[in-house]
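Next come the chains, spelled out residue by residue.
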Amino acid sequence: MNNLQSIVSHFNTKGTVNEIQPLGSGLINDTYKVTTLEADAPDYVLQRVNHAIFQNVEMLQANIEAVTRHIRKKLVEQGADDIDRKVLSFIPADTGKTYWYDGENYWRIMTFIPNAKTYETVDAEYSYYAGVAFGNFQAMLADIPDEVAADAVGRVKEVQYYLDEIEKRAEEMCKGERLYREGKLPKRVCHCDTKVNNMMFDEEGKVLCVIDLDTVMPNFIFSDFGDF
């Protein structure tokens with residue numbers, strides 16, 4: 001825990017760290033909950049970013065910052081309440097960036113969203129809420145400036161052969177790409193990992209926000225819905 005406390009000390013958090021415990025069951029990043037002693041200080045989520053998968057952490061975080069900044073702006077314009085529970089808030093490190101590199105690993109911290117949870121499976125009613133939430137997510141990002149970069153996880157070079165093979169058949173198989181090249185179908189900022197456990201629900205089962213934004217990049221909106 002002392003090592004994790006040292007990592008937290010490089011971020012501009014509030015309060016005194018009480019304990020740091022593993023959080024969730026994610027398979028890619030290592031995630032911890034940081035609880036604080038003071039009643040007026042928030043708790044936090046500490047993550048070690050798996051840079052074997054997300055190889056360009058600078059670009060990754062820039063994408064996430066662009067998306068969360070835009071969503072927060074939209075919520076403010078809508079006069080939404082409880083905004084801090086409806087969009088992820090990343091804490092800057094002492095470098096001014098929203099991540100910190102300890103010489104071996106990359107770390108980031110976001111404010112913990114209280115009284116919220118995720119579900120692995122949902123019934124028909126919750127599925128409806130989830131569908132509306134992803135629709136709202138897409139709608140809020142429909143006019144985001146073109147500042148989210150593709151290939152944030154650095155995988156293109158590893159699968160270039162397969163991409164080339166797909167491209168050979170693009171005219172037959174990739175109608176979406178063809179319409180995009182013809183200027184008839186836009187690409188938008190998409191989540192690219194739309195599943196129900198990538199949402200936070202409140203105590204009443206209503207969706208608070210979409211989470212796990214590491215895969216956000218330009219794509220076709222129907223791809224997100226198809227994946228979901």
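Look up: the structure comes first, before these words.
Residues numbered from 1 in each chain as written. Predicted model: local features only at pLDDT ≥ 70, side-chain atom pairs only at ≥ 80, totals over all residues. Heavy atoms only, no water.

Q: Give a description of the environment of Phe 137 that names residues and reports values.
A: Structurally, Phe 137 is set in helix α3 (residues 124–140). On the accessibility criterion, Phe 137 (3% relative accessible area) is buried. Counting along the chain gives 68 residues from Phe 137 to Gly 205, while the straight-line C-alpha distance between them is 18 Å. Ignoring any residue separated from it by four or fewer positions in sequence, one finds Phe 137 in contact with Val 67, Ile 71, His 191, Val 210, Leu 213 and Val 216. (Helix = DSSP H or I, 4+ residues; strand = E, 2+ residues; numbered from the N terminus. Buried < 20%, exposed > 50% of the residue type's maximum accessible area, 1.4 Å probe, protein only. Contact = heavy atoms within 4.5 Å.)

Q: Lay out the pairing of strand β2 (residues 30–36) with the relevant residues and their values.
A: The side chains of a regular strand alternate between both faces of the sheet. Across the seven residues of β2, five count as buried, placing the element largely inside the fold. Here strand β1 (residues 17–22) pairs with β2 via five bridges, running antiparallel. For Val 17, the partnering residue across the bridge sits in β2 and is Thr 36. Bridging between β2 and strand β3 (residues 44–49) involves five bridges; their strand directions are antiparallel. Across the sheet, the residue bridging to Val 34 is Tyr 44, located in β3. (Pairing = 2+ DSSP bridges.)

Q: Report on the environment of Lys 206, specifying residues and quantitative values.
A: Tracing the chain through its elements places Lys 206 in the loop between β7 (199–201) and β8 (207–210). For Lys 206, a relative accessible area of 34% translates into the label partly exposed. Separated by 69 residues in sequence, Lys 206 and Phe 137 place their C-alpha atoms 14 Å apart. Excluding residues that lie within four positions of it along the chain, Lys 206 makes contacts with Tyr 129, Met 200 and Phe 201.

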